[in-house]
Amino acid sequence: MNPLQLIGHKRDGGEHSAAEIDFLLSAYLSGQIADYQMAAWLMAVCIRGMTRAETLALTQAMVRSGEVLDLSGIEGVKVDKHSTGGVGDKVTLIAAPLAAACGVKVPKLSGRALAHTGGTLDKLESVPGLTVDLAPDRFIKQVREVGIAIAAQSPHMVPADKALYALRDVTATVPSVPLIASSVMSKKIAAGADAIVLDVKFGRGAFMPDPAAAELLASEMVLLGEGAGRRTVALVTAMDNPLGRSVGNALEVSEALAALAGEADEELLQVSLHVAREMCALAGVSGDPEHALRSGAGRETFERMLAAQGGHLERGLPVASVQRPVPAPTTGFVESIDALAVGLASMDLGAGRVRKEDKVDHAAGLVIQALVGVHVRAGEPLAVVHARSEQLVLEVMPRLQQAWRLSEREVARPPHVLARVDKDGTTKAL
């Protein structure tokens, strides 16, 4: 096959065969196709799009580029959960243990912080002694015995995605639904679970700008999962405002532990229960996540998982040496909190990364005091900043004050879960 002809074919709006996509990917990984040629093809995909058959072929070719985790040694239906990324999104730390406490087997491979969005692995590593680098045998054994394991993906899984994403990141070819969907789902399929629950976010703190874009991506990913033989369901959820009260690694683990004791913001609890119910339904188990929450079984399962991965909660989570309130500049009702501004401020405090090699400050972040809908008076705290220095607090303080939009009128909190997508279509306003 001739790569120039294939690039031109896509440039002109043509459809590739599965064999042509296999060739493009394997030739690029072997060095037969140069970066500039693959970049040209990626741009053609961004402009012309891909059919669902092409996107599935790309996804399956990416899966075949590396190892696939064999979970056949675990009895029952294995269910994975994935979020497209948000600010204050600790749902995995709540929903997955609740599902596991109900009898679902939850083998989850997660990622680290990306730009302003938090990473589940970074959050877990704030627990003293905990490791997320689990060998396959240990990972499978833990899922069998505890019901859940959350670990880092092997570098040998889906190497094609790593290579393509690095190129997309520097060629303005990230915002493409087929490329995003194949990137996410190739990793989920290679992770070996039988079923997948997706949390597709939209809004200021997410990568998808609005509900329509999120629904389109959700539909594409669901069809890719189903096409690969994995039962897949997606929830479309809002990320205009941070989720819950805390943003930052140790702070979010602390909030997850409180939530599993039934002590958390109602919105966070409801979306976590919603995700856990979907996981139970896909697994075919009859357990009730709300009962697992009330009985403490979910928290017990989470603590067992942390201990199995070497974590020692009894040593205490990291605590920032500087904690300062962000005073409200005026009086009013909190109409909205700019999740992107909060996420970027948290990243600047050290809770996230600007570059992959950056180290994370596990204690850094902020705790929201004035949620959407709350009335605050001038001078009262909007949030409390947790940082390692006064200078960092001073740098983010003005931006955080501007992130809170106050109104003279009483404000109702907007719905968080807007739609459910499965192979049969979309159900709105859940």
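A brief report on the enclosed structure follows. None of the values given here were measured: they were computed from a predicted structure.

## As for the state of the cysteines
- For the structure on display, the rule yields zero disulfides.
- No disulfide involves C102; its sulfur sits 4.1 Å from that of C280, the nearest cysteine.

## Let's talk about the pairing of strand β1 (residues 79-83)
- The buried fraction of β1 is high, at five of five residues.
- Side chains V79, K81 and S83 of β1 all project onto a buried face; the interleaved residues D80 and H82 project onto the opposite face, where all are buried too.
- Of the strand pairs in this sheet, β1 and strand β4 (residues 195-202) are connected by five bridges, and their pairing is parallel. Directly across from K81, in β4, lies its bridge partner V197.

## Details of the environment of A307
- Mapped onto the secondary structure, A307 falls in helix α14 (residues 297-308).
- Note on A307: relative accessible area 49%, which makes it partly exposed.
- Taking C-alpha positions, A307 is 9.9 Å from T131, a pair spaced 176 residues apart along the chain.

## A few points about the side chain of K188
- In this fold, K188 is placed in helix α9 (residues 177-190).
- The residues touching K188, leaving out its near neighbours within four places in the chain, are D80, K81, H82, K108, L109 and I196.

## Considerations on the pairing of β4
- Most of β4 is tucked away: eight of the eight residues are buried.
- Both faces of β4 are covered, namely the face carrying A195, V197, D199 and K201 and the face carrying I196, L198, V200 and F202.
- In this fold, β4 hands off to helix α10 (residues 211-227), which returns the chain to strand β5 (residues 231-238); that crossover is right-handed.

## Quick word on the environment of L167
- Structurally, the position occupied by L167 is in helix α8 (residues 159-169).
- The class of L167 is buried, set by a relative accessible area of 9%.
- Put simply, L167 and Q323 are 156 residues apart on the chain and 40 Å apart in space, counted from C-alpha to C-alpha.
- If sequence neighbours within four positions are ignored, L167 has contacts with Y28, D35, M38, A39, L42 and T173.

## Focus on the sheet that holds β4
- An order of β1-β4-β5-β13-β14 is seen for the five strands of this open sheet, with the pairing classed as mixed. Either end of the sheet is taken by a strand with one partner, and the two such strands are β1 and β14 (425-428). The average angle at which neighbouring strand axes cross in this sheet is 20°, direction not considered.
- Note: β5 against strand β13 (residues 417-422), four bridges, orientation antiparallel. Each bridged residue has a counterpart across the sheet, and for L235 the counterpart in β13 is R420.
- Most of the contacts of α9 go to β1, to which it runs at about 155°, and overall it touches β1, β4 and β5.
- Helix-sheet contacts for α10 involve β4, β5, β13 and β14, and the interaxial angle to β5 is about 165°.

## Quick word on the packing of helix α4 (residues 52-64) against α10
- Close contact between α4 and α10 brings their axes to 10 Å; oriented N to C, the two are set at 60°. Overall, the two elements α4 and α10 adopt an arrangement that is oblique. Here α4 and α10 pass one another in a crossing that is right-handed. Between α4, through R52, T55, L56, T59 and Q60, and α10, the contact on the second element is made entirely by S219, E220, L223, L224 and G227.
- Taken together, the residues of the contact of α4 with α10 break down into three nonpolar, five polar and two charged.

## What to know about the nonpolar core
- Within the largest apolar cluster, 82 residues are counted, with the highest numbers of intra-cluster contacts made by L124, V342, L400 and W404.
- The dominant element in this core, judged by the number of residues it contributes, is helix α12 (residues 266-283), at ten residues.
- In terms of nonpolar packing, the next biggest core, distinct from the first, is built from 60 residues, L25, L109, L167 and M208 among them.

## Section: α9
- For α9, spanning 14 residues, the distance from its first C-alpha to its last is 20 Å, which sits close to the expected 20 Å at 1.5 Å a residue.
- Buried residues dominate α9, accounting for 13 of its 14 residues.
- The positive-phi residue at the C-terminal boundary of α9 is G192, with phi of around 90°.

## Re the sheet that holds strand β6 (residues 246-247)
- Strand order in the open sheet made by the four strands is β6-β9-β11-β7, with antiparallel pairing throughout. With one partner strand each, in any of the chains shown, β6 and β7 (322-327) form the two edges of the open sheet.
- Strands in contact with helix α16 (residues 390-403) are β7, β9 (365-368) and β11 (381-387); relative to β7, the strand with the most contacts, it is inclined by about 25°.

## Quick notes on α10
- Taking 1.5 Å of rise per residue, the 17 residues of α10 would be expected to cover 24 Å, and the 24 Å separating its terminal C-alpha atoms lies within 8% of that figure.
- A213, A214, E215, L217, A218, S219, E220, M221, V222, L224 and G225 are the residues of α10 that are buried.
- Its buried side turned inward, α10 meets α4, α9, β4, β5, β13 and β14.
- Capping of α10 at its N-terminal end is provided by D210; its side-chain oxygen lies 3.2 Å from the backbone amide nitrogen of A212.
- One or two steps after α10, the chain reaches G229, where phi turns positive at roughly 85°.

## Focus: unusual backbone geometry
- Located in the positive-phi region is V158, a residue other than glycine, with phi close to 50°.
- Considering the arrangement of structural elements, one finds V158 in the loop between β3 (148-152) and α8.
- Relative accessible area serves as the criterion here: at 2%, V158 is assigned to the buried category.
- In this model, A172 sits at a positive phi of 60°, which is unusual for a non-glycine residue.
- Looking at the secondary structure, you find A172 in the loop between α8 and α9.
- Of the residues examined, A172 reaches a relative accessible area of 60% and is grouped as exposed.

Conventions used here
Residues numbered from 1 in each chain as written. Predicted model: local features only at pLDDT ≥ 70, side-chain atom pairs only at ≥ 80, totals over all residues. Heavy atoms only, no water. Disulfide = S-S within 2.5 Å. Buried < 20%, exposed > 50% of the residue type's maximum accessible area, 1.4 Å probe, protein only. Helix = DSSP H or I, 4+ residues; strand = E, 2+ residues; numbered from the N terminus. Pairing = 2+ DSSP bridges. Contact = heavy atoms within 4.5 Å. Right-handed = clockwise from strand over helix to strand, strands pointing away. Axes fitted to C-alpha atoms, helices over the stretch in contact; angles between N-to-C directions. Parallel < 35°, antiparallel > 145°, perpendicular 65-115°, else oblique. Left-handed = near helix turned anticlockwise from the far one by under 90°. Nonpolar A, V, L, I, M, F, W, Y, C, P; charged D, E, K, R; others polar. Core = buried A, V, L, I, M, F, W, Y, C linked by side-chain atoms within 4.5 Å. Expected span 1.5 Å × (residues − 1). Polar contact = N/O pair within 3.5 Å; in protein donor to acceptor, adjacent residues only side chain to side chain.

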